[in-house]
Amino acid sequence: MLNFLPAPVIGAIAVLLLVFNTLFWVPLLLAFSLLKLLVPFAAARRALAPVLTFVAESWIAGNSAWMALTQRTEWDVQGLDGLKRESWYLVNCNHQSWVDVLVLQHVFNRRIPLLKFFLKRELMWVPVMGLAWWALDFPFMRRHGEAYLQQHPEMRGKDLETARKACEKFALHPTSVMNFLEGTRFSTAKQRSQLSPYKHLLKPKVGGIALALDTLGERFDAILDVTIVYPDGVPTFWQFLCGRMPRVVVRVQGLPVPRELAGGDYAADPRGRAAFRKWVKALWREKDAQIAALLEVTGSGARRA
């Protein structure tokens, strides 16, 4: 609607609308979260959970509204039929840009339970949003490098324990556990550094998804394998705000939960670990081929960041 304006003006308007929407809903979220902390009865705390979810989904709906006002994006989305808000889902997606998060929230809002992301601990200190993520029980993870873990072996496994506790909370209410298997945003430099065997993806990190299946495998109704492609090139967050994302392609595929891999012990079972890695590698090969096919169909090879 506002795409006739210069791109920087559109970006400034989008920033103001995003800030206004956030400052309207997040204080409500924090107020109910504080009440949840103070209430001594477990049943009352559980009753407040849908209220927190309503506030979060309303914030996402507000974001979708300003996106519609400031963007003229062609959305090509397939695979949403049959999704249920009362189900548990394990959601996996390729990761290219911060825009991925807004795309996923826009596509899935009020179609499935609220997406719960595993976040880097540093994001806890993001003004306003860090408190919101904490209020919604998003798990914050410390991701230590191998060199650090060799010097501090007592820290090995701490992230997995944090994730396990979070997943136990997720078992209480229908939840969509969101996992970016690559663990970081794709870039050509990272791809080369990893010697990734995939043309459009980084190597998958299986620890997080394995832990989710170990802990909630019996709860999950399906795995939602999501592929996002930006045919005109991966936008930065600012480019997105300025209306410079002409097209986005989203494909959602429902997959059965591999029951033979669920409920195991990824960390302690070498055979189970090998089987899990084999399953993930097959999933990743298919996704890499799907991205290549979508780029070809949409007439673009400009995915690289």
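Criteria and cut-off values
- Residues numbered from 1 in each chain as written.
- Predicted model: local features only at pLDDT ≥ 70, side-chain atom pairs only at ≥ 80, totals over all residues.
- Heavy atoms only, no water.
- Salt bridge = Lys/Arg side-chain N within 4 Å of Asp/Glu carboxyl O.
- Helix = DSSP H or I, 4+ residues; strand = E, 2+ residues; numbered from the N terminus.
- Buried < 20%, exposed > 50% of the residue type's maximum accessible area, 1.4 Å probe, protein only.
- Pairing = 2+ DSSP bridges.
- Axes fitted to C-alpha atoms, helices over the stretch in contact; angles between N-to-C directions.
- Contact = heavy atoms within 4.5 Å.
- Parallel < 35°, antiparallel > 145°, perpendicular 65-115°, else oblique.
- Nonpolar A, V, L, I, M, F, W, Y, C, P; charged D, E, K, R; others polar.

Some details on the pattern of salt bridges
Reasoning step 1: Throughout the structure, instances matching the rule amount to 5 salt bridges.
Reasoning step 2: Between arginine 85 and glutamate 57 there is a salt bridge; the shortest N-O distance is 2.7 Å. Of this pair, arginine 85 sits in the loop between β1 (74–78) and β2 (89–93) while glutamate 57 sits in helix α2 (residues 42–70), and the two are 28 residues apart along the sequence.
Reasoning step 3: Accessibility expressed as a relative area gives 3% for glutamate 57, which makes it buried.
Reasoning step 4: Between aspartate 76 and arginine 251 there is a salt bridge whose closest N-O contact spans 3.1 Å.

Notes on the sheet that holds strand β3 (residues 115–117)
Reasoning step 1: Pairing is mixed across the open sheet formed by 6 strands, whose spatial order is β1-β8-β7-β2-β6-β3. Each edge of the sheet is formed by a strand with only one pairing partner; in this case those strands are β1 and β3. Strand-to-strand twist in this sheet, taken as the mean axis angle between neighbours without regard to direction, amounts to 25°.
Reasoning step 2: Across 5 bridges, the pairing between β1 and strand β8 (residues 247–255) is parallel. The partner of glutamine 78 across the bridge, within β8, is arginine 251.
Reasoning step 3: Along the sheet, helix α8 (residues 207–216) makes contact with β2 and β6 (176–180), crossing β6 at roughly 160°.

What about the pairing of strand β7 (residues 222–229)?
Reasoning step 1: In terms of burial, β7 is a largely internal element, 8 of the 8 residues being buried.
Reasoning step 2: Burial of β7 is two-sided: the residues Ala222, Leu224, Val226 and Ile228 facing one way and the residues Ile223, Asp225, Thr227 and Val229 facing the other way are all buried.
Reasoning step 3: For β2 and β7, the ladder comprises 5 bridges, and the chain directions are parallel. Residue pairing across strands places asparagine 92 opposite aspartate 225, the latter belonging to β7.
Reasoning step 4: Pairing between β7 and β8: 7 bridges, direction antiparallel. Residue pairing for β8: leucine 224 is matched across the bridge by glycine 254.

As for the packing of helix α1 (residues 7–38) against α2
Reasoning step 1: For the pair α1 and α2, the least separation of the axes is 10 Å and the interaxial angle reads 175°. As summarised for this structure, α1 and α2 are arranged roughly antiparallel, according to the angle between their axes.
Reasoning step 2: Among the residues making up the contact of α1 with α2, the classes are represented as 17 nonpolar, 7 polar and 2 charged.

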